[in-house]
Amino acid sequence: VFVFPHSELESRISSLDLSHVDLVNKTWKFGGNKQGYNNIKNLISNFPSCCIMDSQGQPVSWMLVYDYCAMGILYTLPEHRGKGYAKVLVYGFLVLLNRPENRSDPVKVFVDRWPEFSVVVCKPQYEQSGDLFKDTLFFANDEAILEETIRMTSVLDWTRYLCLEMDLHHMETFKAVASEKGVPSHQLAVCHMMTLEDISNLPSVDSSGISISSLDESYSGLVNQTWKFGKDGEALRMIRNMLAHFPSCCVLDAEGKPVSWILTYASCAMGMLYTLPEHREKGYAKVLVSTMAKKLHAQGLPVYCYVEEENKVSYRLFKNLGFTEDPSHRVTWFAYNDL
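Residues numbered from 1 in each chain as written. Predicted model: local features only at pLDDT ≥ 70, side-chain atom pairs only at ≥ 80, totals over all residues. Heavy atoms only, no water.

Chemist: In this structure, what is going on with unusual backbone geometry? I would like to understand it.
Modeler: If a residue is not glycine, its phi is most likely negative; likewise, a peptide bond is most likely trans. Here the phi dihedral of methionine 272 falls at roughly 60 degrees; this positive angle occurs in a residue that is not glycine. Considering the arrangement of structural elements, one finds methionine 272 in strand β13 (residues 270–275). Overall, the relative accessible area of 8% leaves methionine 272 in the buried class. Of note in the backbone geometry, glutamate 281 takes a positive phi value of approximately 65 degrees without being a glycine. (Helix = DSSP H or I, 4+ residues; strand = E, 2+ residues; numbered from the N terminus. Buried < 20%, exposed > 50% of the residue type's maximum accessible area, 1.4 Å probe, protein only.)

Chemist: Could you clarify how one ought to interpret the side chain of serine 290 in this entry?
Modeler: Looking at where serine 290 falls in the secondary structure, it is placed in helix α8 (residues 284–298). Assessed through its relative accessible area of 3%, serine 290 is described here as buried. With residues near it in sequence (within four places) discarded, serine 290 still touches Leu202 and Val205. (Contact = heavy atoms within 4.5 Å.)

Chemist: Quick question: what am I supposed to make of the side chain of serine 260 here?
Modeler: Among the secondary structure elements, serine 260 is positioned in strand β12 (residues 258–264). Not counting chain neighbours up to four residues away, the residues in contact with serine 260 comprise Cys249, Cys250, Val251, Tyr274, Thr275, Tyr284, Ala285 and Leu288.

Chemist: What's the story with the confidence of the model for the chain in this structure? I'm lost.
Modeler: Predicted coordinates in regions of low pLDDT should not be interpreted in detail. Across the chain, the average pLDDT comes to 85, with 86% of residues at 70 or higher. Mean pLDDT per element in the chain: helix α3 (residues 85–97) is the minimum at 63, and β12 is the maximum at 97. Below pLDDT 50 for its whole length, residues 1–8 participates in 16 contacts with residues either more than four positions away or in separate chains. Note on residues 100–104: pLDDT under 50 across the span, and five contacts to partners over four residues away in sequence or across chains. (pLDDT = per-residue confidence, 0-100.)

Chemist: I keep staring at the sheet that holds strand β4 (residues 71–76) and nothing clicks. Help me out?
Modeler: Two modes of strand pairing occur in sheets, parallel and antiparallel, and in both the strands are linked by backbone hydrogen bonds. Read across the sheet, four strands follow the order β1-β2-β3-β4 without closing on themselves; strand pairing throughout is antiparallel. Where the open sheet ends on each side, the last strands, each with one partner, are β1 (13–14) and β4. Where strand β2 (residues 49–53) lies against strand β3 (residues 59–65), five bridges are found, and the strand directions are antiparallel. Looking at the pairing, isoleucine 52 lines up with serine 61 of β3. Across the sheet, helix α2 (residues 34–46) is in contact with β3 and β4; its angle to β3 comes to roughly 80 degrees. (Pairing = 2+ DSSP bridges. Axes fitted to C-alpha atoms, helices over the stretch in contact; angles between N-to-C directions.)

Chemist: What exactly am I supposed to notice about helix α4 (residues 143–150) here?
Modeler: Since the α-helix packs 3.6 residues into each turn, any two residues three or four apart lie on the same face. Of the residues making up α4, those classed as buried are Ile145, Leu146, Thr149 and Ile150. Seen end-on, α4 carries its buried residues on one side only, within an arc spanning 125 degrees. Exposed and oriented more than 90 degrees from the buried face of α4 are Ala144 and Glu148. On its buried face, α4 is in contact with β6 (119–124), β7 (136–140) and α5 (171–180). (Arc of directions from axis to C-beta.)

Chemist: Would you mind going over the packing of α4 against α5 with me for this structure?
Modeler: Packed helices, taken two at a time, are described by the angle their axes make and the gap between the axes. Interhelical geometry of α4 versus α5 gives an angle of 35 degrees and a closest axis separation of 10 Å. For the pair α4 and α5, the sense of crossing is right-handed. Together, Glu143, Leu146, Glu147 and Ile150 of α4 and Thr173, Phe174 and Val177 of α5 make up the contact between the two elements. Split into classes, the residues belonging to the contact of α4 with α5 amount to four nonpolar, one polar and two charged. (Left-handed = near helix turned anticlockwise from the far one by under 90°. Nonpolar A, V, L, I, M, F, W, Y, C, P; charged D, E, K, R; others polar.)

Chemist: I'm lost on the pairing of β12 in this one. Help?
Modeler: Working note: regular strand, side chains alternate between the two faces of the sheet. For β12, the tally of buried residues reaches seven of seven residues, placing the bulk of the element in the interior. With four bridges joining them, strand β11 (residues 249–252) and β12 adopt antiparallel strand pairing. Bridging from a neighbouring strand, valine 251 pairs with serine 260 of β12. Linkage of β11 to β12, two consecutive antiparallel strands, is achieved through a turn of five residues, within which glycine 256 is found at a positive phi near 80 degrees. Note: β12 against β13, four bridges, orientation antiparallel.

As structure tokens, then:
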């Protein structure tokens with residue numbers, strides 16, 4: 001993490017251990033029960049965590065990482081709030097997350113200043129061709145500072161291929177800088193971000209007579225061939241990684257072959273929903289989304305997806321299943337120096 005001054009709190013940043021499972025479970029929105037306890041225990045045992053200790057060595061503020069590498073379960077005990085602990089935890093967590101023993105695929109995180117930052121950039125490493133599908137993410141609440149940030153060569157190398165994800169209202173800023181630098185670009189997609197806030201909003205879906213399973217890596221090629229942004233082999237590595245490490249769900253035909261499927265991106269967003277043409281209009285997509293939503297929720301994970309604006313069929317599907325959106329928020333992806 002760049003732009004972080006020394007702080008006396010650095011010496012009090014530590015990791016959670018199994019003796020803290022009960023404390024985290026009691027304060028977690030979805031915890032307070034045996035299932036929550038088991039989920040927290042798994043996260044603390046197998047994934048990075050970060051906490052701030054008091055003078056007696058007890059955690060008073062903490063953050064964990066879900067099994068898909070997203071930060072979450074951020075909490076500060078009421079009597080310790082208003083001290084800026086949450087911002088310090090973001091720093092500490094990112095340092096822990098980027099240690100070699102915790103991540104084989106580190107992400108560099110830039111902020112314009114600390115602790116009162118206005119721009120955050122999450123930038124992956126690029127090592128081989130499939131890495132072209134790794135997005136650089138931008139979050140900003142000040143357009144002028146955002147423009148200043150993306151002009152910096154230490155943040156973006158405008159001479160190479162870039163795939164950038166941002167809120168749609170930042171689009172003109174990126175277009176202006178790219179035009180000034182003579183960098184060709186094109187918009188890949190504009191999407192609704194749809195979230196299922198309450199699993200009880202899912203309507204009853206009849207899955208009787210349907211064989212449901214998970215996809216394995218042997219089907220990476222099949223998914224790649226049918227994905228809008230695949231087919232040329234560049235996305236194969238990313239899809240294989242998704243199938244190996246993140247939840248998936250599929251409908252099998254009588255021969256045990258997948259005919260409809262949905263995957264999960266590293267961000268935990270559901271995606272790549274697809275049904276082979278000869279198996280459509282059988283309700284498979286509804287069954288898969290419902291099944292995946294329940295699976296993610298059971299693990300205490302967020303349930304959401306991105307739906308392209310022109311994809312009216314998928315939009316209606318998710319809306320009918322209880323997903324909602326913030327109408328003021330649109331996510332867009334741009335490719336620069338496209339190959």
